[in-house]
Amino acid sequence: MTLYSHSRISAFEQCRYQYKLKYLDKIPSPVKKTVEAHLGECVHDALEWLYKNVLQKHVPEMDELIEKYSLVWQEKYTGEIVIVNNLSKQDYFNKGIKFLVDYYAKHHPFDDGTLETEKKVWINLEKNFPHKVIGYIDRLVYNKEKNEYEIHDYKTANTLPDRKKFENDRQLALYSIAIKETYGQEKPVVLVWHYLNYNLKIISKRTNEQLENLKKEIVRQINEIESAKEFPPNKSVLCNWCEYKQYCKAWGNSIPKEILEMRIKPDVNSKEKINEKH
Ligand code: SF4
């Protein structure tokens, strides 16, 4: 059994060579953490903390939320974090505060029916299919009035994708398969994205038929990955965002010998890693 994630499947779709380096050869990424990733992580942590408190019947004050965010920001900020534009570290820190202040003002007292935060889900695709897809839901909600479940996802990106992206999004749709399996196929599941930079909530829904088609499509893709023998690079505009570009043969680069020697060895205690091809 191999454990897949949505990002693992997407990596294969985008470029087989990138997939091989990351998931099969386990070459550590040469790219240091970006400040955008750090901001996203700290905002997610702060919102998780907020809702964990709410679940314990304590609604933190806005100041407490900001204090928590500041603490996480400092704890996780290392000298390795990269800033590639004209903004400063302080600008990014302030962005996070604005996201949280706006979110707090809009959603206080946070009584929309949160069931769990950072919920791990396993997606069963087909009876007897040996591989599984795993994912994490930022926040799972049960909306009592509408008798429906909601999968909430927080986004800290600067850009707002167009409507089509949400209608075709596979990631939250995949998670909704697991939620329906737990709570009943007839229960509606709503997909909710919070674009914090715009203080905007976007929702989308899938029919059971669409979810069945998605399962088939993911099974087809996993079978293709499992049987792949060749992992050629796929040079495209997306290479500009590829973390392995400086190691990529398509760009005339190579993986340094010392990196190959010290690459991460498979962890024998991890089923996912044991079963990955080498
Ligand atoms: S730089 Fe481009 S071609 Fe090379 S691994 Fe990354 S995505 Fe693939």
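Before reading on, note that the structure itself is shown above.
Residues numbered from 1 in each chain as written. Predicted model: local features only at pLDDT ≥ 70, side-chain atom pairs only at ≥ 80, totals over all residues.

1. A look at helix H1 (residues 6-14)
Buried within H1 we find Arg8, Ile9 and Phe12. Take H1 and look down its axis: the buried residues cluster within an arc of 95 degrees, on one side only. Where the residues of H1 are buried, they touch strand E1 (3-4), helix H2 (16-24) and helix H8 (208-227). (Buried ≥ 20, exposed ≤ 12 C-beta atoms within 10 Å, placed from the backbone. Helix = DSSP H or I, 4+ residues; strand = E, 2+ residues; numbered from the N terminus. Arc of directions from axis to C-beta. Contact = placed C-beta atoms within 7 Å.)

2. Examining the environment of Leu39
Residue placement: Leu39 occurs in helix H3 (residues 35-55). Taking C-alpha positions, Leu39 is 6.8 Å from Tyr92, a pair spaced 53 residues apart along the chain. Setting aside anything within four residues of it in sequence, one finds Leu39 in contact with Tyr92, Lys95, Gly96 and Thr156.

3. Some points on the site of the ligand
Neighbouring the ligand are 14 residues, the closest being Cys15, Pro233, Cys239, Cys242 and Cys248. Partitioned by chemical class, the residues of the shell around the ligand number 10 nonpolar, two polar and two charged. (Near = placed C-beta within 6 Å. Nonpolar A, V, L, I, M, F, W, Y, C, P; charged D, E, K, R; others polar.)

4. Observations concerning the pairing of strand E3 (residues 132-143)
In terms of strand pairing, E1 meets E3 through two bridges, oriented parallel. Paired with Tyr4 across the two strands is Val133, which belongs to E3. Pairing geometry for E3 and strand E4 (residues 148-155), over five bridges, is antiparallel. Bridging across to E4, Asn143 finds its partner in Glu148. (Pairing = 2+ DSSP bridges.)

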